[in-house]
Amino acid sequence: MSGPEMSRLQDRFLGFHLTPLTRRRLRNFKANKRGFWSFWIFLVIFIVTLFAEFIANDKPFLVVYDGAIHMPIFEAYPETAFGGVMPTEAEYGDPAVRALIDENGFMINPIIPYNHRSVAWDLGLPAPSPPEPRHWLGTDDQARDVVARLIYGFRISVLFGFTLTIISAVIGVTAGAIQGYFGGWTDLIFQRFIEVWASLPTLYILIILASIVEPNFWWLLGVLLLFSWMGFVGVVRAEFLRARNFDYVRAARALGATNPVIMYRHVLPNAMVATMTFMPFILAGSVTTLTSLDFLGVGLPPGSASLGELLAQGKANLQAPWLGLTGFFAIAIMLSLLVFIGEAVRDAFDPRKLFVGGEVDEGVHDDETAAVTGKL
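Residues numbered from 1 in each chain as written. Predicted model: local features only at pLDDT ≥ 70, side-chain atom pairs only at ≥ 80, totals over all residues. Heavy atoms only, no water.

A. Local environment of the overall build of the protein chain. Each helix and strand counted, the protein chain has 15 helices and five strands in total. Taking as baseline every contact in the protein chain between residues at least 6 positions apart, the subset at least 24 positions apart corresponds to 66%. Total accessible area on the protein chain stands at roughly 20300 Å², and carbon and sulfur atoms take up 67% of it. (Helix = DSSP H or I, 4+ residues; strand = E, 2+ residues; numbered from the N terminus. Contact = heavy atoms within 4.5 Å. Areas by Shrake-Rupley, 256 points an atom, 1.4 Å probe, with all protein chains shown as cover.)

B. Up close: a nonpolar patch on the surface. A cluster of nonpolar side chains, L203, Y204, I207, I208, L209, I212, V213, F295 and L296, forms an exposed patch at the surface whose accessible area comes to about 850 Å². Elements that contribute at least two residues to the nonpolar patch include exactly α8 (202-210) and α12 (259-296). A per-element tally of the nonpolar patch places α8 first, with five residues. Counting through the fold element by element, L209 comes out in helix α8. (Patch = residues over 30% accessible without salt bridge, like charges linked within 9 Å, V, L, I, M, F, W, Y side chains within 5 Å. Salt bridge = Lys/Arg side-chain N within 4 Å of Asp/Glu carboxyl O.)

C. Broad picture of the environment of M71. Relative to the elements of secondary structure, M71 occurs in the loop between β4 (68-70) and α5 (95-104). With a relative accessible area of 34%, M71 lands in the partly exposed category. Put simply, M71 and K59 are twelve residues apart on the chain and 9.0 Å apart in space, counted from C-alpha to C-alpha. Contact partners of M71, with chain neighbours within four places excluded, come to F61 and Y77. (Buried < 20%, exposed > 50% of the residue type's maximum accessible area, 1.4 Å probe, protein only.)

D. Representation of the sheet that holds β4 within the structure. Here we have three strands laid out as an open sheet, ordered β4-β3-β5, and antiparallel in their pairing. The two strands at the open ends of the sheet, each matched to only one other strand, are β4 and β5 (105-108). Between one strand and the next, the sheet's axes are offset by a mean angle of 10°, whatever the strand orientation. Along the sheet, α5 contacts β3 (62-65) and β5; its crossing angle with β5, the most-contacted strand, is approximately 120°. (Pairing = 2+ DSSP bridges. Axes fitted to C-alpha atoms, helices over the stretch in contact; angles between N-to-C directions.)

E. Representation of unusual backbone geometry in the model. For the bond running from A127 to P128, omega is 0°, close enough to zero to count as cis. Position of P128 relative to the elements: it lies in the loop between β5 and α6 (146-182). The phi dihedral of D66 falls on the positive side, at around 55°, and the residue is not glycine. With respect to the helices and strands, D66 occurs in the loop between β3 and β4. A positive phi is found at A143, a non-glycine position, where the angle reads about 60°.

F. Focus on the nonpolar core. Core analysis: the largest hydrophobic core is formed by 27 residues, its most contacted members being F29, F42, V158, L307, L323, M334 and L338. Listing elements by their share of this core, those giving two or more residues are α3 (33-50), α6, α12, α13 (307-316) and α14 (321-349). By residue number, the principal contributor to this core is α14, which donates twelve residues. Not counting chain neighbours up to four residues away, the residues in contact with L323 comprise P128, T139, D140, V146, L310, Q313, G314 and N317. In this structure, L164, L206, L221 and L300 belong to the second largest nonpolar core, which totals 14 residues. (Core = buried A, V, L, I, M, F, W, Y, C linked by side-chain atoms within 4.5 Å.)

G. Local environment of the pairing of β3. Sheet topology places β3 next to β5; four bridges connect them, and they run antiparallel. Across the sheet, the residue bridging to V63 is M107, located in β5. Judged from the three bridges that link them, β3 and β4 form a sheet pairing that is antiparallel. In the sheet register, Y65 faces β4, and the bridge partner there is A68. The antiparallel hairpin formed by β3 and β4 contains two residues in its connecting segment, where D66 sits at a positive phi of about 55°.

H. Expanded view of helix α2 (residues 20-31). Compared with the 16 Å implied by 1.5 Å per residue over twelve residues, the 16 Å span of α2 between its first and last C-alpha is a close match. Taken as a whole, α2 has its buried residues at L21, R23, R24, R25, N28 and F29. (Expected span 1.5 Å × (residues − 1).)

I. Layout of the packing of α2 against α3. The geometry of α2 relative to α3 is characterised by a closest axis approach of 5 Å and an angle of 90° between their N-to-C directions. In terms of orientation, α2 lies roughly perpendicular with respect to α3. When α2 is examined against α3, the residues F29, K30 and A31 are found in contact with a partner set consisting of K33, G35, F36 and F39. Considered class by class, the residues forming the contact of α2 with α3 number four nonpolar, one polar and two charged. (Parallel < 35°, antiparallel > 145°, perpendicular 65-115°, else oblique. Nonpolar A, V, L, I, M, F, W, Y, C, P; charged D, E, K, R; others polar.)

Shown next, in the form of structure tokens:
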């Protein structure tokens, strides 16, 4: 492969064009070994939990009976489909149902034969039972497998945190951009509104609403979105206030560019540097928000898998230390990984480190380097 072709391949990643500045940021991110490996560890754990139904479930993900293929994870099958007499959904943990399937086929079960709601009726000790070969981290006070609840709880906590952070970032960046770019009365009115809105007691509002309506994932997300977007406003507003009178903004305005185009094409990329640096730490806080609410009992409905509910069970069952220790270490590891990733992202976007420790990338001329450094 020739040099120009190799260069073109290096300039693209997942179909996106990589500028020399972006390549430098990626190298700075990789240079932070702790953050780089934390990113991959967190990514692997998150991807594994996305397929929780294939790892921890009381239903087999594949049943072959009389030559027909069934996938109980995606579809409910009555017991009569496997030669039984009951028209209700088959209980695959029932020895009689297992015997019926084994007579004319086979089934493949997940590694952990319990989901987050499954009750282990065959425990030899009262619940919560200690760790054993069938239950690697024991069971909770409702005889539910702790590993299964940990997997499902990690997934819902991270998904909640990601969703809350992304939507909050969109709202907060938009509000901060409008405030900082236009300034004047627009900025003044917005700031007074944010000061009043931020003074509302979020936790008390959640407790009051939870006593009226049973909260769920989307209900909690909607309520928290009313307040979480304000964390991004100050950072973006400051960047727009600083950059709105720069020469390149004035030049774009003199050439006839509209305000939305100037905000999106010219000012926002510079403001996103501070936002991207700030976002991993906001994500760490958003992930623990649902955990905190579940621990206090105003989060997801009873029975839902949650790290906060696991901590609450550990607090209520001090004689079963595996419950509290499992929840503590799961949250500690998750937050540590997110903080390490945030530090690596901060280093990657730090303008003082972009051109330190080596020469500027080939193809970046002196004038382009000066322009990029000036914008940062």
